[in-house]
Amino acid sequence: MTEADSEIIKPEMLKAYVWLQTSDGSIQQVEQEVAMYCPFICQEIHSDFIKYRAVLTRRGSPLTRSLFEKMDTKRLCELTSAADSLQLKPLVDLTSRALARVIEGRTPEEIREIFHLPDDLTEEEKLEPIKNTMDDPRIRLLNRLYARKRKELKERERLKNVDVEEEHADDRSVDDLLSFINGDNDDSKGSRTSKNKKKNRKRKDHHKTTPSNSTSSSSNAVDMNKKESNELDSVCSNPSLHGKVQTNVCHETKLLDIEDDRLAAEDEFDDCDLDDDIDPALKEKIDREVEDFARRLNSDWPERMQEILSLGQERRPLRLTINGNGSPRRYTNGFSCVDYDHIAAGEKVTPSPTSGVPKLL
Amino acid sequence: MEELGRDFLSDLPQSIIETILTKLPIRDAVRTSILSSRWRYKWASMTHLVFDDRSATQFNDRMVVEDRIVNFITRFLFLHDGPIHKFSLSSSYLQSSPDIDQWLLFISRKDVKELVLELGEGEWFRAPSCVFSCKNLMRLELVRCELDPPPNFKGFLCLKYLNLQQVLIPPDDIECLISSCPLLESLTLSYFDSLELTVRAPNLKYLILEGEFKDLCLANTPLLVAISVAMYMTDDIAEHFEQSSSCNFDKFLGGVPKLERLIGHIYFTKYLSIGNGQRRSPITYHHLKFIELYQVSFDDIKEVLVVLQLIMNSPNLKALQISGSSNTTAATRAPDLQFWDEKLSTDCTLGQLKTVKLTDVSGVPHEMKFIKFLLEHSPSLEEMSVTPSLYVTEGRLNMLIDLVSFKRASSQASIVFIHEPA
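Residues numbered from 1 in each chain as written. Chains lettered and ligands numbered in written order. Predicted model: local features only at pLDDT ≥ 70, side-chain atom pairs only at ≥ 80, totals over all residues. Heavy atoms only, no water.

Caption draft 1: Highlighting the overall build of chain B. Per the secondary structure count, chain B includes 12 helices and 15 strands. Going through the 422 residues of chain B one by one, you find that 52% of them count as buried. Across chain B, the fraction of contacts at a sequence separation of at least 24, relative to all contacts at a separation of at least 6, is 65%. On chain B, roughly 18800 Å² of surface is accessible, and the fraction owed to carbon and sulfur atoms is 51%. (Helix = DSSP H or I, 4+ residues; strand = E, 2+ residues; numbered from the N terminus. Buried < 20%, exposed > 50% of the residue type's maximum accessible area, 1.4 Å probe, protein only. Contact = heavy atoms within 4.5 Å. Areas by Shrake-Rupley, 256 points an atom, 1.4 Å probe, with all protein chains shown as cover.)

This is how it looks when you write it as structure tokens:
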């Protein structure tokens, strides 16, 4: 830490040095003025023989900022930790700010890569297949189409002055939050029924009362995912209703948006390009395109499905719950995000209700 | 990049993680919940919540943005877990709404210590009564709001910092509010209309006032260290001043012995000059080191007297900055310059005065005499900078001639005439 210190702190023309022994045994020479900022050292040293006049460059000096930027994150973390132990508040502040700047505005993948964070939320991710294949250009296109459709519908509704049907009975708290954060274009999910809030809360409480369950946290997230899929399930069963499909589309995009900010940016960009008036014929065409894409996507998933199935049964909670609409829905392990039952596709997608053990949390 | 990348970030102590998250825009802080399982709820125990328009994505439709912000904050608070020490909400998209009342109710139950509210320009937000039940509040900052303390309100007993800007509050209540916060150290009141204010705050150190004040009185502020006042004037107030007989200088600066810094804008000097007798005030400001006065009209002898009184009663004055009043309406009568030679006692020495900065100098007679006075009585002066007013074009040469001719008590004094070619 001390060598880092002397990098950061502009060396003034000080003559007084102190010798500090670090925990690994090495002895470092540190300018006394610097060392005095540490309360521990201060108490050790009697300061009556030296007068300091130097000013420590800190608090946003461009010199220190650029130094931090060049520092790799491992050292930055170590420095922060050391500064904290030594109670050097200004240094903690600077390093925390530098770390925050590293995190700000990056996608989760980038952050994980930079800081070597384990990607151990993958269960939920795997259960949202579209999210997995984010980089697939078809997904992107699909996303764009969804966005277009959403926008059309929104314009329509605004013109007609009709209240948007509240289909999103269920919404997960955290992920919805995230979708908002990620710039989801959809605003028809704006309000939630209080019933569903209670439902969320009940789940959360339940989750809290079973701390011994090691997978409880991920399961909780899975719960919330399930609710999401549940919603889509109900929605997809009536593809003819534009509104419902719209919701479906929104949810899809939401799942997509959670991990990839770029997609969100594309959405917004695309929205700007669109015409406001789309005639029904074109709308039908787009609908068909969407379904076509969905079908093509689904054809890849049987392989993935196998992969996941082989990873372990216990990680796929299969449950029966009731959504806000009051009708029981069946949760699969996520592939029912889009219910392709009615589309001729790999039949492995829809598991039978008897497979797997219903896992109640 | 190392092969064996260890996760150093998540191992940092929670207090540092919180510091880092607090430095992120709150939307990014919540996004960290999907980084890894350890990070899933780190954001939920943040104690400093700052909601601003950084978290709002840009849409064309205000209603949409407003809805999204409301949803975000409601959802956030719902998921939050733990104490909340700071709640700051500044958004131009939000107007008064029941949602905000509910958030404040939630916050008031969470032991909040710092509350900042700044909403949009529309209908002003009316602070709900739960705000007054935040017992541990140490910092309160409200912008564009209506404040109506309930009758049984006993004050914020821990409040140290109060900043009210464009706040509608019954005039009696504002004085009660100030005096019922015994620990108050910093008070800022901005954009009040026609306020008569008497400040009673025994621990007050910093006072910042801006607005139209009919009357200002510092009745019990013995510890005041820095004052900054910007006084606007309306015709009503000017009339009120004409009829006033009390000495504003004593009322305002009579009880601040520990004052170190005084800053006055716009009509402050004029305000102080009203009712000011020609006798020298007995109060000495031993700690006053910095004086900054703007828009001082050197045409008005009374304002000049105020400035002199301040300077001569501050033996330890280090730095002086005076900005003249740019509208040089020619004085109708010749200024009484005898005052400078006869009535002004010359036994004062500004022994510590090192820097003087004069801006918007128009070169009127009183002003030049003032500069002469400063130069003659500042033996430690190091630099005096003179910037002429933009409106003075032909008088600059005369100004320079005068400046050069003045005697200087300090041998190290340098005069810098800042002349931008027209």
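Caption draft 2: Expanded view of the overall build of chain A. Looking only at helices and strands, chain A features 17 helices and four strands. Within chain A, the fraction of its 361 residues that count as buried is 50%. Here the contacts in chain A between residues at least 6 apart in sequence split such that 69% fall between residues at least 24 apart. For chain A, the accessible surface area stands at approximately 18100 Å², while carbon and sulfur atoms represent 53% of it.

Caption draft 3: Structural view of the pattern of salt bridges. Residues and elements named next belong to chain B. The full count for this structure, using the stated rule, is 15 salt bridges over all chains. One salt bridge connects K86 with E114, and the closest N-O pair in it is separated by 3.7 Å. Of the two residues, K86 is situated in strand β2 (residues 86-90) and E114 in strand β3 (residues 114-118); the sequence distance between them amounts to 28 residues. Taking the relative accessible area as the measure of exposure, K86 reaches 19% and is therefore buried. Here E114 falls in the buried class, since its relative accessible area comes to 18%. Across the salt bridge formed by E146 and R126, the nearest N and O atoms sit 3.6 Å from each other. Here R126 lies in strand β4 (residues 125-126) and E146 lies in strand β5 (residues 139-146), a separation of 20 residues in the sequence. (Salt bridge = Lys/Arg side-chain N within 4 Å of Asp/Glu carboxyl O.)

Caption draft 4: Broad picture of the packing of aromatic side chains. All names here are of chain B. Taken as a whole, this structure holds 10 aromatic pairs over all chains when the rule is applied. When the centroid spacing of 5.0 Å and the interplanar angle of 70 degrees are considered together, the rings of F153 and F156 count as edge-to-face. An identical accessibility class is assigned to F153 and F156; each is buried. Taking 5.5 Å as the distance between ring centres and 40 degrees as the angle between the ring planes, the aromatic pair formed by F298 and F370 counts as tilted. Separated by 72 residues along the polypeptide, F298 in the loop between β11 (290-296) and α9 (301-312) and F370 in helix α11 (residues 365-376) bring together distant segments of the chain. Taken as a pair, F298 and F370 share a single burial class, namely buried. What links up through ring pairs into an aromatic cluster is the set W43, F51, F72, F76 and F87. In this structure, R139 packs its charged tip against the face of Y161, placed 3.9 Å from the ring centre. Above the ring of F290, the side-chain terminus of R261 is found at 4.2 Å from the ring centroid. (Phe/Tyr/Trp six-rings, centres within 6.5 Å; stacked < 30°, edge-to-face > 60°. Lys NZ or Arg CZ within 6 Å of the ring centre and 35° of its normal.)

Caption draft 5: Main features of the UniProt feature "domain: F-box" (unreviewed entry) in chain B. With numbering aligned to this structure, UniProt lists the feature "domain: F-box" (unreviewed entry) at residues 6-40 of chain B. Counted over residues 6-40 of chain B, helix gives 43% and strand 0%. Its end C-alpha atoms are 19 Å apart. (UniProt positions renumbered as here; feature names shortened; annotations may be inferred.)

Caption draft 6: Broad picture of a nonpolar patch on the surface. Together, L397(B), L400(B) and I401(B) give the surface a local cluster of nonpolar side chains, amounting to about 280 Å² of exposed area. By the element assignment, L400(B) lies in helix α12 (residues 396-405). (Patch = residues over 30% accessible without salt bridge, like charges linked within 9 Å, V, L, I, M, F, W, Y side chains within 5 Å.)

Caption draft 7: Structural detail: the packing of helix α6 (residues 89-103) of chain A against helix α1 (residues 14-22) of chain B. For the pair α6(A) and α1(B), interaxial distance at closest approach is 8 Å and the crossing angle is 60 degrees. Relative to α1(B), the element α6(A) lies oblique. For the element pair α6(A) and α1(B), the recorded crossing hand is right-handed. Two secondary-structure elements touch here, α6(A) through V92(A), S96(A), L99(A), A100(A) and I103(A) and α1(B) through I16(B), T19(B) and I20(B). For the contact of α6(A) with α1(B), the class distribution of residues is six nonpolar, two polar and no charged. (Axes fitted to C-alpha atoms, helices over the stretch in contact; angles between N-to-C directions. Parallel < 35°, antiparallel > 145°, perpendicular 65-115°, else oblique. Left-handed = near helix turned anticlockwise from the far one by under 90°. Nonpolar A, V, L, I, M, F, W, Y, C, P; charged D, E, K, R; others polar.)

Caption draft 8: A negative patch on the surface, seen in detail. On the surface, D235(B), D236(B), E239(B) and E242(B) cluster together to form a negatively charged patch. Structurally, the position occupied by E239(B) is in helix α6 (residues 235-243). (Lys, Arg positive; Asp, Glu negative; His and termini not counted. Charge placed at Lys NZ, Arg CZ, Asp CG, Glu CD.)

Caption draft 9: Quick look at helix α4 (residues 98-108) of chain B. Residues and elements named next belong to chain B. Turning to α4, its buried residues are I100, W103, L104, I107 and S108. On an axial view of α4, the arc spanned by its buried residues comes to 135 degrees, and they lie on one face. Opposite its buried face, α4 presents the exposed residues P98 and Q102, each directed more than 90 degrees away. Of the surrounding secondary structure, the elements contacted by the buried residues of α4 are α3 (62-79), β2, β3 and β4. (Arc of directions from axis to C-beta.)

Caption draft 10: Structural context of the environment of S380(B). Residues and elements named next belong to chain B. You can see S380 is positioned in the loop between α11 and β14 (383-388). Along the chain, S380 and L350 lie 30 residues apart, while their C-alpha atoms are 8.0 Å from each other. For S380, the residues in contact, after removing those within four places along its chain, are G351, L353, K354, S410 and Q412. There is a polar contact of 2.6 Å between the side chain of S380 and the backbone oxygen of G351. (Polar contact = N/O pair within 3.5 Å; in protein donor to acceptor, adjacent residues only side chain to side chain.)

Caption draft 11: Geometry of the pairing of strand β15 (residues 414-417) of chain B. Of the strand pairs in this sheet, β14(B) and β15(B) are connected by four bridges, and their pairing is parallel. By the bridge assignment for β15(B), S385(B) is matched with V416(B). (Pairing = 2+ DSSP bridges.)

Caption draft 12: Highlighting helix α5 (residues 73-85) of chain A. Residues and elements named next belong to chain A. With 13 residues, α5 extends 18 Å from end C-alpha to end C-alpha; this agrees with the ideal 18 Å at 1.5 Å per step. Taken as a whole, α5 has its buried residues at T73, L76, C77, L79, T80, A82 and A83. In the stretch just after α5, Q87 is the one whose phi turns positive, near 55 degrees. (Expected span 1.5 Å × (residues − 1).)

Caption draft 13: Representation of the confidence of the model for chain B. Mean pLDDT for chain B: 87, with 93% of residues reaching 70 or above. Quick note on the complex model: pTM equals 0.62, ipTM equals 0.74. (pLDDT = per-residue confidence, 0-100.)

Caption draft 14: Layout of the pairing of β11(B). Residues and elements named next belong to chain B. The buried count for β11 comes to five of seven residues, which makes it a mostly enclosed element. When strand β10 (residues 261-266) meets β11, the two strands line up parallel, connected through four bridges. Following the sheet pairing, R261 is matched in β11 by F290. Both β11 and strand β12 (residues 319-324) contribute to a ladder of five bridges, which runs parallel. The partner of E292 across the bridge, within β12, is Q321. The handedness of the β11 to β12 crossover, carried by α9, is right-handed. (Right-handed = clockwise from strand over helix to strand, strands pointing away.)

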